[in-house]
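The residues making up each chain are set out below.
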Amino acid sequence: MLGDGGLRMRRLVASLLVCPVLLGCLGLAGCGGAEDASIVAKTTLVAGVRPDLPGIGFRRADGTFEGLDVDVSRYLAERMGKKVRFAPALAADRERLLRSGEVDMVLTFWLEPEWQQRLAFAGPYLLSYQDILVRNDERDVRDVQDLKGRKICAVVGSGAAEAVTVERQVAAIPVAARSYDDCMTMLGDGRIDAVTTNDTILAGLKTRQGGDFRLLNSRFGERRTGIAIRKGDPDGCEALNKAITEMYQDGTMSGFMRKWFGSSGLKLSDVDVPQFEGCL
């Protein structure tokens with residue numbers, strides 16, 4: 001039998017053992033940990049979309065957003081039973097925005113090994129090819145090899161210029177730009193010779209800018225475009241993949257593609273459900 005002093009000592013020791021656990025739970029906003037961090041637990045998703053890509057993600061003068069990624073985000077959120085709001089995510093900012101928690105997912109993100117080491121990805125939700133946009137009077141550039149010695153736009157953080165100079169080993173001359181708006185300004189006034197990235201991005205730029213530019217339809221390097229989320233959220237990834245599958249199966253994605261790129265001259269082949277990367 002323990003006396004009162006012994007009982008008090010045992011209670012004190014037990015409380016000291018429990019305190020770190022309680023403090024840890026408080027630090028995690030409850031002992032849910034990873035589950036609490038999942039986008040599945042949120043009522044509103046913040047989607048990071050590009051503000052500088054007509055047809056993909058573009059911020060209007062009134063501050064609202066339009067484009068394929070906006071429509072896709074709304075559809076996916078609705079299928080997941082959630083609301084959605086949008087935040088601008090330039091190529092150079094998107095990883096930081098995601099890691100800081102300012103956004104929950106970022107669209108128009110190439111599925112590349114370098115990024116897959118640091119972020120998780122749902123999808124891809126879009127399969128496209130890299131292509132080239134030139135001025136309408138440019139006749140000497142017909143495919144990627146013709147970019148040798150030419151100045152091409154290199155949007156910081158996008159990786160599109162490197163796909164030419166490193167992957168294809170074409171000795172083009174990258175010229176840094178913050179956004180594709182800057183690229184189009186430089187292409188128009190002759191400071192660069194070409195813009196190269198996803199054919200859908202280029203189709204949107206051409207549609208907005210009109211007849212002064214020409215899409216080559218040279219189509220090199222298939223690009224698997226996914227939705228980046230923070231690592232450690234397989235439930236969120238699976239929920240997004242399920243919604244992406246439904247978006248293709250019910251014909252919604254085909255309608256989105258016709259809506260945004262039907263008048264651009266971009267070849268719109270049969271739109272099938274992409275093969276997913278899998279959620280880790």
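Look up a bit, the structure's there.
Residues numbered from 1 in each chain as written. Predicted model: local features only at pLDDT ≥ 70, side-chain atom pairs only at ≥ 80, totals over all residues. Heavy atoms only, no water.

Asks: When you look at the packing of aromatic side chains in this model, what are you seeing that I'm missing?
Replies: Applying the stated criterion across every chain, the model contains 3 aromatic pairs. On the basis of an interplanar angle of 45° and a centroid distance of 6.3 Å, the ring pair of Phe65 and Phe86 is categorised as tilted. Within this pair, whereas Phe65 is found in strand β4 (residues 65–66), its partner Phe86 is found in strand β5 (residues 83–88), the two being separated by 21 residues in sequence. Seen in terms of ring centroids, Phe109 and Trp115 are 5.0 Å apart; in terms of plane orientation they differ by 80°. Their pairing is edge-to-face. Relative accessible area serves as the criterion here: at 11%, Trp115 is assigned to the buried category. An aromatic cluster is present here, built from Phe109, Trp115 and Phe121 joined pairwise through their rings. Across the ring face of Trp115, the terminal group of Arg94 is positioned such that the distance to the ring centre comes to 5.0 Å. Above the face of the Trp110 ring, Arg223 is positioned so that its terminal group lies 4.3 Å from the ring centre. (Phe/Tyr/Trp six-rings, centres within 6.5 Å; stacked < 30°, edge-to-face > 60°. Helix = DSSP H or I, 4+ residues; strand = E, 2+ residues; numbered from the N terminus. Buried < 20%, exposed > 50% of the residue type's maximum accessible area, 1.4 Å probe, protein only. Lys NZ or Arg CZ within 6 Å of the ring centre and 35° of its normal.)

Asks: Even after reading the chapter, I still don't get helix α10 (residues 252–261), so can you show me in this structure?
Replies: Residue pairs three or four apart in sequence face the same way in an α-helix, which turns once every 3.6 residues. Taken together, the buried positions of α10 are occupied by Thr252, Met253, Phe256, Met257, Trp260 and Phe261. Looking down the long axis of α10, one finds its buried residues gathered within 135° of arc, a one-sided arrangement. Across α10 from its buried face, at more than 90 degrees, point the exposed residues Arg258 and Lys259. Packed against the buried residues of α10 are β4, α3 (68–79), β7 (120–135), α8 (199–209) and α9 (234–249). (Arc of directions from axis to C-beta. Contact = heavy atoms within 4.5 Å.)

Asks: Teacher, can you tell me more about helix α6 (residues 160–167) here?
Replies: Along α6, the residues classified as buried are Ala160, Ala161, Ala163 and Val164. The arc enclosing the buried residues of α6, seen along the axis, measures out at 165°, which places them on a common side. Trailing α6 by a residue or two, Gln169 shows a phi angle of about 55°, which is positive.

Asks: Which parts of the structure should I look at to understand the sheet that holds strand β2 (residues 52–53)?
Replies: For sheets, the rule is that strands pair by backbone hydrogen bonds, running either parallel or antiparallel. Spatially, 3 strands are ordered β2-β3-β4 in an open sheet, and the strand pairing comes out antiparallel. Every other strand in the sheet has two partners, leaving β2 and β4 as the edge strands with one partner each. By the bridge criterion, 2 bridges tie strand β3 (residues 57–59) to β4 in an arrangement that is antiparallel. The residue of β4 that forms the bridge with Phe58 is Glu66. (Pairing = 2+ DSSP bridges.)

Asks: What exactly am I supposed to notice about the nonpolar core here?
Replies: Inside soluble globular proteins, nonpolar side chains tend to come together where they are buried. Ranked by size, the top nonpolar core spans 69 residues in total, and within it Leu68, Val195 and Met253 carry the most contacts. Setting aside residues no more than four positions away along its own chain, Leu68 makes contact with Gly55, Ile56, Leu126, Met253, Phe256, Met257, Trp260 and Phe261. If you look at the next biggest cluster of nonpolar residues, it comprises 14 residues, including Leu147, Ile152, Ala194 and Phe220. (Core = buried A, V, L, I, M, F, W, Y, C linked by side-chain atoms within 4.5 Å.)

Asks: Looking at this model, I keep getting lost on the packing of α3 against α9. Mind explaining?
Replies: For any two helices packed against each other, one specifies the crossing angle of their axes together with the interaxial distance. Where α3 meets α9, the closest approach of the two axes is 9 Å, and the angle between their N-to-C directions is 115°. The orientation of α3 relative to α9 falls into the category roughly perpendicular. For the pair α3 and α9, the crossing hand works out as right-handed. Mapping the contact onto sequence places Val72, Tyr75, Leu76 and Arg79 in α3 and Leu240, Ala243, Ile244, Glu246 and Met247 in α9. (Axes fitted to C-alpha atoms, helices over the stretch in contact; angles between N-to-C directions. Parallel < 35°, antiparallel > 145°, perpendicular 65-115°, else oblique. Left-handed = near helix turned anticlockwise from the far one by under 90°.)

Asks: Just checking my understanding: could you explain the pattern of salt bridges for this structure?
Replies: It is possible for side chains of opposite charge to pair when their charged atoms get near one another. Scanning the entire structure with this criterion turns up 21 salt bridges. When the shortest N-O distance is used, the salt bridge between Arg79 and Asp250 registers 3.3 Å. Taken together, the positions of Arg79 in helix α3 and Asp250 in the loop between α9 and α10 put the pair 171 residues apart, joining distant regions of the chain. Using a relative accessible area of 46% as the deciding quantity, one classes Arg79 as partly exposed. We classify Asp250 as partly exposed; its relative accessible area is 38%. In this structure, the salt-bridge partner of Arg118 is Glu95, at a minimum N-O distance of 2.7 Å. One end of the pair, Arg118, is in the loop between α5 (113–116) and β7; the other, Glu95, is in helix α4 (residues 94–100), with 23 residues separating them in the sequence. Looking at Arg118, the relative accessible area reads 29%, which means it is partly exposed. (Salt bridge = Lys/Arg side-chain N within 4 Å of Asp/Glu carboxyl O.)

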